[in-house]
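Working through the structure, step by step
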Amino acid sequence: MDWVERTAQLRQWTRSGVRAPHKPLLFLYALSRFQQDADGELRYSAVEQDLRRLLAEYGPGNRTTPAYPFHHLVSDGVWEVRTARGTGSPGTGVRELRATGAAGRLTPQLRAALRREPSLLGRMTRVLLDLNFPPSLHGELCEAVGLEPEEAETGRLSAARRQRDRRMRELVLTAYEYQCAFCGYDGRIGAVPVGLEAAHVRWWAFDGPDDIDNGLCLCSLHHKLFDKGVLGIGWGSPRSSEAESGGGHRILVSQSFVGRSAAAREHVITLAGRPVIGPQPGVRPIAVAHRSWHTSQVFHGSPRPAAVTV
């Protein structure tokens, strides 16, 4: 059986270009959970909120209950649902799924195929992402569902591998009150933040933990520039009140960065020396060790002098 082809042919409701990514989102979530626990089940009542958040952030504007893909993905031959009564979904009713203890997981045939050929998970993930979402969201989506892209692509699964904390993004965004720590951007669509990301100060690939004191809430632009070494974090001479809130951190802008446009000056160059916004009182600020790692291993060259405000 060609599981990649079956993944590409998920039956989705379509009409006049309307998006229906409900099944792909559940499938990505299920592949992630398989990667973490190949024998585990996803009880609907336990994962309902996770699925609801994914649909709200990456689905279309019209609201759809996560019960819909939980039930209907069964028809594609990659997913099964069981209740206390045995195999079979009780339907798309949220109450029925909760009351019957409905739990889903990948079918036995697919789980066996993924065990035989671990790199299959990466190929299926790539198809789901390519056919349903723009490239700009691929990395963010993998983080949101908890997939390890490198392991998924290569199939190299280590028994001692670290587990990513899927709560990292929400914890960091909450700690920084849903605004970019560099520019203050706080855009939303309805109640869903848009263009805000949880950045690791010390990268995960280099032993950076999924801890709040290794995280920053950044807008998409400043996250990219932070990871490219254009921006960094230094320590100023804060007033005592700033020190208590972590406000002693200052934004570094690399002297290597060149931007002549008004946009480059406004969004990058004028950040030099500004205080980092947040985190909120009571939350641990960025740890010195993580900040030092980023400065020595990522930040390019020397920082610009603080921008002069007029």
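Keep in mind it's a predicted model, so treat the numbers as computed, not measured.

Rules used in this analysis
- Every chain begins its residue count from 1, and numbering advances along the sequence as written.
- For a predicted model such as this one, the threshold for reporting local features is a pLDDT of at least 70, and the threshold for listing and counting side-chain atom pairs is 80 or more; totals across whole chains, interfaces and linings nevertheless cover every residue.
- The side-chain quantities take in all heavy atoms of the structure and omit both hydrogens and water.
- Secondary structure elements follow DSSP: runs of H or I of four or more residues count as helices, runs of E of two or more count as strands, with numbering from the N terminus.
- Burial here depends on accessible area, computed with a 1.4 Å probe over protein chains only, as a share of the maximum for the residue type. Under 20% is buried, over 50% is exposed, and the range in between is partly exposed.
- Note on contacts: a residue pair qualifies if any of its non-hydrogen atoms lie within 4.5 Å across the two residues.
- Residue burial considers only the protein chains on display, and all accessible areas are found by Shrake-Rupley using a 1.4 Å probe.
- A pair of strands is labelled paired if DSSP reports no fewer than 2 bridges between them.
- Here a helix's expected span is defined as the number of its residues, less one, multiplied by 1.5 Å.
- The angle between axes fitted to the seven-residue stretch ending at a residue and the seven-residue stretch beginning at it gives the bend at that residue.
- Residues form patches when they are more than 30% accessible in relative terms and have no salt bridge. Like charges link within 9 Å. Nonpolar side chains (Val, Leu, Ile, Met, Phe, Trp, Tyr) link within 5 Å.
- Put simply, a salt bridge is a Lys or Arg side-chain nitrogen that is within 4 Å of an Asp or Glu carboxyl oxygen.
- Residue types Ala, Val, Leu, Ile, Met, Phe, Trp, Tyr and Cys, when buried and joined through side-chain atoms within 4.5 Å, form a set referred to as a nonpolar core.

Here's the deal with the overall build of the chain
For the chain, the count of helices and strands is 14 helices and 10 strands. The 310 residues of the chain split such that 46% are buried. Of the contacts formed within the chain by residues at least 6 apart in sequence, a portion of 67% connects residues at least 24 apart. Of the accessible surface of the chain, which amounts to about 15,700 Å², a share of 51% is contributed by carbon and sulfur atoms.

Some thoughts on the pairing of strand β9 (residues 231-235)
In terms of residue burial, β9 counts as a mostly covered element, since four of its five residues are buried. Relative to strand β10 (residues 249-253), β9 runs antiparallel, the two sharing five bridges. Of the residues in β10, the one forming a bridge with G234 is R250.

As for the pairing of strand β7 (residues 196-200)
Counting buried positions along β7 yields five of five residues, so the element is predominantly enclosed. Residues L196, A198 and H200 point to one face of β7 and E197 and A199 to the other, with burial holding for every one of them.

Looking at the sheet that holds strand β4 (residues 103-106)
Here four strands make up an open sheet; going across it, the order is β1-β4-β2-β3 and the pairing antiparallel. The sheet is open, and its two borders are formed by β1 (42-43) and β3 (86-87), each paired with just one other strand. In this sheet, β4 lies alongside β1 in antiparallel orientation, the contact comprising two bridges. Each bridged residue has a counterpart across the sheet, and for R43 the counterpart in β4 is A103.

Structural notes on unusual backbone geometry
A negative phi angle characterises most non-glycine residues, just as the trans form characterises most peptide bonds. Each neighbour pair has its own omega, and for G278 with P279 the value is 5°, a cis peptide bond. Relative to the helices and strands, P279 is located in the loop between α13 (262-267) and α14 (288-297). Look at E177: it is not a glycine, yet its phi comes out positive at around 55°. With respect to the helices, strands and loops of the structure, E177 is situated in the loop between α10 (168-175) and β5 (188-189). Unlike most non-glycine residues, Y178 shows phi in positive territory, near 55°.

Looking at helix α3 (residues 44-58)
Since the α-helix turns once every 3.6 residues, residues separated by three or four places project in the same direction. The first and last C-alpha atoms of α3 sit 19 Å apart over 15 residues, in line with the 21 Å expected at 1.5 Å per residue. Taken as a whole, α3 carries its principal kink of about 25° at D50. Next to the buried residues of α3 lie α2 (22-36), β1, α4 (67-72), α5 (94-99), β4 and α8 (138-145).

Structural notes on a nonpolar patch on the surface
A grouping of Y185, I189 and V194 is seen on the molecular surface, where their side chains present a nonpolar patch of about 270 Å² in accessible area. Structurally, Y185 can be placed in the loop between α10 and β5.

Considering the nonpolar core
Core analysis: the biggest nonpolar cluster contains 39 residues, and F27, F70, W79 and L114 have the highest contact counts within it. Elements supplying a minimum of two residues to this core: α2, α3, α4, β2 (79-83), α6 (108-116), α7 (120-132) and α8. The element that contributes the greatest number of residues to this core is α2, accounting for eight residues. Discounting chain neighbours no more than four positions away, the residues touching L114 are L31, F34, L106, L120, L121 and M124. Residues C180, A199, V201 and F226 belong to the second largest nonpolar core, which totals 33 residues.

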